[in-house]
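Overview (structure and organization)
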Amino acid sequence: MRLCVFALIPSEEYDMSWQPSPLEEQRLEKLGRLREAGIDPYPLRAERSHTTAAAVAAFEAAPEGEAVVATVCGRLMSIRDMGKSVFADVADESGRLQLFLRRDDVGEEGHAHFKKLLDLGDFVQATGEMFRTRAGEISLHVRAWQLLSKAISPLPVAKEQEVDGQLVRYSAFADLEERYRQRYADLAVNPEVRDIFRARARLVSALRRFMDDNGFLEVETPILQPLYGGAAARPFTTYHNQLKQELFLRISFELYLKRLLVGGYERVYEIGRDFRNEGVSFKHNPEFTQLEFYAAYWDYRDVMAFTERMIATAARETLGTTTITFRDQTIDLAAPWQRLTMRDAIRQFAEIDYMDYPDAPALAAAIKGIGGEAPPGAPWGKLIDGLLGDFVEPRLIQPTFILDYPRDISPLAKGVPGDPLHVERFEFFIGGMEMGNAFTELNDPLEQRRRFEELQATFTKDDEERNPIDEDYLRAMRYGMPPNGGFGMGVDRLALLLTDGRTLRDVLLYPHLRDKEM
RNA sequence: GACUCCGUAGCUCAAUCGGCAGAGCAGGGGACUUUUAAUCCCAAGGUUUUGGGUUCGAUUCCCAACGGAGUCACCA
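Described in the following lines is the structure provided in the data block. In this text the structure is predicted, and so the values were computed from the model without any measurement. (Residues numbered from 1 in each chain as written. Chains lettered and ligands numbered in written order. Predicted model: local features only at pLDDT ≥ 70, side-chain atom pairs only at ≥ 80, totals over all residues. Heavy atoms only, no water.)

Another point: the packing of aromatic side chains. Within this structure, the stated rule accounts for 18 aromatic pairs. Their ring planes at 20° and their centres at 5.8 Å tell us that F428 and F487 sit as a pair that is stacked. Note that F428 is positioned in strand 19 (residues 419–430) and F487 in strand 21 (residues 484–490), a separation of 59 residues in sequence. Here F428 and F487 have matching classes, each one buried. One aromatic cluster in this structure is built from F210, F216, F293, W298, F306, W337, F401, F426, F428 and F487. Lying across the ring of Y256, R259 places its NZ or CZ 4.6 Å from the centre. (Phe/Tyr/Trp six-rings, centres within 6.5 Å; stacked < 30°, edge-to-face > 60°. Helix = DSSP H or I, 4+ residues; strand = E, 2+ residues; numbered from the N terminus. Buried < 20%, exposed > 50% of the residue type's maximum accessible area, 1.4 Å probe, protein only. Lys NZ or Arg CZ within 6 Å of the ring centre and 35° of its normal.)

Our next topic: the packing of helix 8 (residues 254–262) against helix 14 (residues 471–478). The geometry of helix 8 relative to helix 14 is characterised by a closest axis approach of 9 Å and an angle of 25° between their N-to-C directions. Accordingly, the angle class assigned to the pair helix 8 and helix 14 is roughly parallel. Seen along the crossing, helix 8 lies across helix 14 with a hand that is left-handed. Facing helix 8, whose interface residues are L255, K258, R259 and V262, helix 14 presents D472, Y473, A476 and M477. (Axes fitted to C-alpha atoms, helices over the stretch in contact; angles between N-to-C directions. Parallel < 35°, antiparallel > 145°, perpendicular 65-115°, else oblique. Left-handed = near helix turned anticlockwise from the far one by under 90°. Contact = heavy atoms within 4.5 Å.)

If you walk around this closed barrel you meet the five strands as 1-2-3-5-4, and the pairing is mixed. Going across the sheet, the axis of each strand differs from the next one's by a mean of 55°, ignoring polarity. In this structure, strand 4 (residues 123–132) lies alongside strand 5 (residues 138–149), joined through ten bridges in antiparallel fashion. Bridge pairing links T127 to A144 in strand 5. (Pairing = 2+ DSSP bridges.)

Turning our attention to empty space enclosed by the protein. To find leftover empty space, one rolls a probe the size of a water molecule over the atoms. Enumeration over the complete set of coordinates arrives at two cavities of 30 Å³ or more. Considered as a void within the structure, the second largest cavity measures approximately 40 Å³ in volume. Looking at the second largest cavity, the residues that line it are Q225, L227, Y228, G229, S252, F253, E254, L255, Y256, R259 and D470. Among the elements that make up the lining of the second largest cavity, the one with the highest residue count is helix 8 (four residues). Across the lining of the second largest cavity, the residue classes tally to five nonpolar, three polar and three charged. (1 Å grid on protein atoms, 1.4 Å probe; cavity = no way out; pocket = protein on both sides within 12 Å on 5 of 7 lines; lining within 4 Å. Points joined across faces, edges and corners; volume = space filled by probe spheres on them. Nonpolar A, V, L, I, M, F, W, Y, C, P; charged D, E, K, R; others polar.)

This is how it looks when you write it as structure tokens:
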């Protein structure tokens, strides 16, 4: 039915769902002229014999005097009209190739159409022999060409020049807002942006391989959850119409993954998206990618050792080295990393021993005494975490484990033996950023209930970070959960670190932006 | 959510004290049979984000809205 409707629309009438710019009007006119000339601007099929890189390699490998015939496909990035001959650059994912097109070779019409009806951004296919120009550039001597896809809107292309093998661009597409909103255009004209996401893909697959190689089972757990938990964060809420049910987008995978240990799996992990309804910053995006794993019979020390190996391995497989540069600082990711207890770290960097201040009001006063921030009514542990964030975190450039966290902000972690105030938990920091969080997981269902209840009391009633008690999780734990160590890490932040990015938006293909009318 | 800065042609950027909105690239017409940011000639291209205000006159000053960047707040 829809097809019939389309068929009834005369070809001259375009859907003017946008206001074409004068440049776009010109191209729409070219589109009409192509159709008049019997050329389909969007043909069904392409025939490619070589990528541009393969064509160049084949030419270089061929014996002197032996013709290398190739058909390449790609996007027109540059056209230099010399009269009866034309030079053009086509780009594909493998690289670029210069086309050399002479009127005598492609005929009057083929020559005229190439010059008059093609634009930068169009996809074309060209067949010919590889050769080297007088200037020394390996090129394709075109005998036949075909349009593969007409571009209506001009890409924000920049002039380019090769200097010592480096591509230098002039007036590159630089408007950050438009680059994020139109990532397709950003990727199309800024090849180094494509490289960033290739690096990110290598990172994710390296992490996955590392987990798989260490006996972990990859699983998928619900994103839409009737209860949220496993972290202190405000959730996004949504609604299932048919079931008449309020649902939350997950803020962590934790509680669902640990249920699987009850089920008999000993090592599980998940790489996926979490959603937190909070502020946006260079290290926060409303949706972000998390790696979580849980391993039976491990404690947080085992997790620490595993973490060091994992990050070093991931860096090596992504970049070929464990020594990276982040914001002009050299960081060595190789194990072993520095280990520092929370108490020592704060003593060292904030010059406060929080054990001297056993309750929240006393600690808050001490924090104010050193010029720190202490939000009124904050629990003791939250104040300590605040000290960590304000005084310690920015200084932790080399990879560092901070261990033994306050119990009252860690309801899912097991206590440090003989220490009622601390739990076996660590976070690790690299480049001044918190990268991940882990603990010896609490597996005592009665203790877990007490912790949840303590937390309910600690956080004020309207605090949206206050997690509801997950009774089903407690039921699972009552069946018996093996002792285990668990881990969560922000994958985007690791990608940011490894690619030396400015902000998380640089490693997210489609970072969240406010809605804006086109 | 608060504060500061920014928004000019398809892209990158100018515009003096408030006085006719300009350039390079891209695009159009033309010349040129191995160019390399090709070059040369000609012509064109604008609701200065939007809406108000002040003024004889606003890209410029004021207010508001929208969007972005940054800082803070928020963020086990």
